[in-house]
Every structure is written in C-alpha cells, then in structure tokens.
Amino acid sequence: MAGPGASGSDVYDVYDVVVVGAGAAGLNAALVLARARRRVAVVDAGQPRNAPAEEMRGFLSRDGMPPAALLAVGREEVAGYGVDLIDARVDHIDPGFLVHLAGGPVLHARRVVVATGLRDGLPEIPGLAERWGRDVLHCPYCHAYEVRDRPLGVLGTHPGAVNHALLLRQWSDDVVFFPHTMDLADGEREQLAARGVRVVEGAVKWLVVDGDRLRGVELAGGRVVPREAVFVFPRMVPRDALLFGLGCARDGNGWVTTDRFGGTSVPGVWAVGNVADPRAQVVTAAGQGSAAAFAINHDLVEEDVRQAVEAHRAAATAVTV
C-alpha cells in the first residue's frame, strides 16, 4: 500500500480507482483497470456471500472450483499487475472520493467501484442457517444438478417460492412444496399439481439432521417428511450503505440504479455484482466488473485529455505573454 503524503497526514496518494469488495466483480474490475495501467487499490473485509458453498458452478473452465480458491487466484493475478490489496473495512466515503478505512487511513480516489455484494436473510426456522450452502440451498442453476433425482423440498417462506418449486421439478421427480405459513391461491395449487409437485400442509418446525446430513422436514404436528435437500428463497439484503451515503439513487424496490455498465446516478461511482444485481452469479458478476472497468477507463481518459488540453493551452499562453 502506498505510504502517506509528505504532509504526514493519513490521506494517501491518489488512486485512479478504489474498488471496495474483492469478490469476482471487484477483482475482475481491478484486473482490467490494472492492465489499462491504472493505479488501483482493492479494499475487502473478507465476507464473501458464497463462503458457505463448497463448490462454484456455472462458470466456464471453473465449474466445481471452491469459491475461496477462485478468489485466491484472482487476488494473486491482480497483485501481479501492481494492484494494492488492502484487508480492511471501508467505514464511509466522503464526496470527492475520500475512502475512510475503519480504524485506519484514508484513500483518495478519482473513481470508486462498490462491489460489496449482499447478505442472505434466512427465515428463522431451526436448522436452516446451519445447513445453508450444504443441503439447504437457494439457486437451482447453482446447486440443483448436484441434488438431481433426489427427494427435494421447497419452503414457502417467500412470494417467489411457488415458482421455485415449479422450476425445481426440472431436476427431480420428487419435489415437495411446504407452504409453511403461506396461503396458496387456487391457481398456484393447480400449477403445482399439474407439474407433479406434492403439497404438504403445516407449519415447518425444524429440519431433521442426523449424521451431519439432512434427513427431513419436521412439521409442527410432529410429522417428518423425508427430504435430502431443501430449497429456500432468502431475503436478499444488499450491502449498499456506501452507495447511499454518497447519494446514489434507488429504484422502486430500494436497489441502487445503474446503467448497463454499472454507473450510478453519482458521477464517478460504479456499482457491480450482487450489490446492484441480486441475480448475478459469479460469472455474471465478473463480467459486470469487466464492463465497468472499460467504462471507468474511458471516463478517466476523457478527464486526462481535458486536463492535458487545459495545461497545453496554459503553457501556450505563457509563451506568448
């Protein structure tokens, strides 16, 4: 990391870009920007969303790779291009892009990329959190192939749960939908029946685990329905405090608004990955980071050209005086 300025203050030399978050989106943005010969710092608090998962899926050439291994390789790659990797939490960002690290120095950036991801809020059902990422799952495209043809369950704890069950029928002939406390409409029951998804009524009490394996779902009345994996739709909460501290606009659902390159309503601030797009898988997030890096570098070039022209004109004026 760069040393403090000559004044002895804790404000560090100016980076072209400070990236907050070292997941796939943040690291890929840093990689492209470093290859464009930009001075880049990546600040990361070490809380990746997919940490509970043993394997990452759907990423060409990286299918089945542990998520932590991908990040380790990514950090090594960007460090090889001179990116400063800083293990810290960003407390807040002031206008003018003074990036305050918790309990530490202040980084000065020309542009900022926020790639802080989101956290998954799980229903308060005993056993759910402990099995999250193992046999309590969310994304069918990430995990359903690994539990194909096995007895699956879907918990009705979210408005999208019925569609979740209808989709999962594609991977198994034995899917049970647990409405839990959800009131199913007649049309939803018809869809589930037509798709071959069995509905088991009753509030879910907890998940039955034996031998470090999920064995079933126990209902409030004591009935246990054997299941080997359960899917649940979490409440996705973006880690977006830094964005809204800078005044970035939100959409009607409360998520930060961005253009197709991740640019926010605040000039100089980009948001990529799950902090802006809850549906982004690892491969998608990496692509978003790359697209943002292209846009950021072009934005910086435009500023560099303006400053060069101004300096050129000032020098020409000085010669003629």
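Check the entry above for the structure.
Residues numbered from 1 in each chain as written. Predicted model: local features only at pLDDT ≥ 70, side-chain atom pairs only at ≥ 80, totals over all residues. Heavy atoms only, no water.

### Quick word on the nonpolar core
Within soluble globular proteins, side chains that are nonpolar tend to cluster in buried spots. Ranked by size, the top nonpolar core spans 27 residues in total, and within it Val 18 and Leu 107 carry the most contacts. Residue assignment for this core shows that the elements contributing at least two residues are β1 (11–20), β2 (40–44), β4 (90–94), β5 (98–101), β6 (106–114), α7 (241–245) and β17 (269–271). Looking at which element gives the most residues to this core, the answer is β6, with four residues. Those residues in contact with Val 18 that lie beyond four places of it in its chain are Ala 41, Val 43, Val 99, Leu 107, Ala 109, Arg 111, Val 112 and Val 113. Ala 30, Val 40, Trp 270 and Ala 285 belong to the second largest nonpolar core, which has 24 residues in total. (Core = buried A, V, L, I, M, F, W, Y, C linked by side-chain atoms within 4.5 Å. Buried < 20%, exposed > 50% of the residue type's maximum accessible area, 1.4 Å probe, protein only. Helix = DSSP H or I, 4+ residues; strand = E, 2+ residues; numbered from the N terminus. Contact = heavy atoms within 4.5 Å.)

### Notes on a nonpolar patch on the surface
A grouping of Val 301, Val 305 and Val 309 is seen on the molecular surface, where their side chains present a nonpolar patch of about 200 Å² in accessible area. When you line up the elements, Val 305 lands in helix α8 (residues 282–320). (Patch = residues over 30% accessible without salt bridge, like charges linked within 9 Å, V, L, I, M, F, W, Y side chains within 5 Å. Areas by Shrake-Rupley, 256 points an atom, 1.4 Å probe, with all protein chains shown as cover. Salt bridge = Lys/Arg side-chain N within 4 Å of Asp/Glu carboxyl O.)

### A look at the packing of helix α5 (residues 161–168) against helix α6 (residues 186–195)
Where α5 meets α6, the axes come as close as 10 Å, and the angle between the chain directions of the two elements is 15 degrees. Here α5 is positioned roughly parallel relative to α6, judged by the angle of their axes. For the element pair α5 and α6, the recorded crossing hand is left-handed. Taken together, the residues of α6 that come into contact with α5 (itself represented by Val 162, Ala 165, Leu 166 and Leu 167) are Glu 188, Gln 191, Leu 192 and Arg 195. Counted by class, the contact of α5 with α6 contains five nonpolar, one polar and two charged residues. (Axes fitted to C-alpha atoms, helices over the stretch in contact; angles between N-to-C directions. Parallel < 35°, antiparallel > 145°, perpendicular 65-115°, else oblique. Left-handed = near helix turned anticlockwise from the far one by under 90°. Nonpolar A, V, L, I, M, F, W, Y, C, P; charged D, E, K, R; others polar.)

### Description of the pattern of salt bridges
Under the defined criterion, the tally for this structure stands at 20 salt bridges. Ionic pairing is found between Glu 303 and Arg 111, a salt bridge with its closest N-O pair at 3.1 Å. With a gap of 192 residues between them, Glu 303 in helix α8 and Arg 111 in strand β6 connect regions that are remote in the sequence. Like Arg 111, Glu 303 is buried. A salt bridge links Asp 173 to Arg 169; its shortest N-O distance comes to 3.0 Å. On the accessibility criterion, Asp 173 (63% relative accessible area) is exposed. What you see here is one network of salt bridges that share partners, running through Asp 16, Arg 38, Arg 110, Arg 111, Asp 299, Glu 303 and Asp 304.

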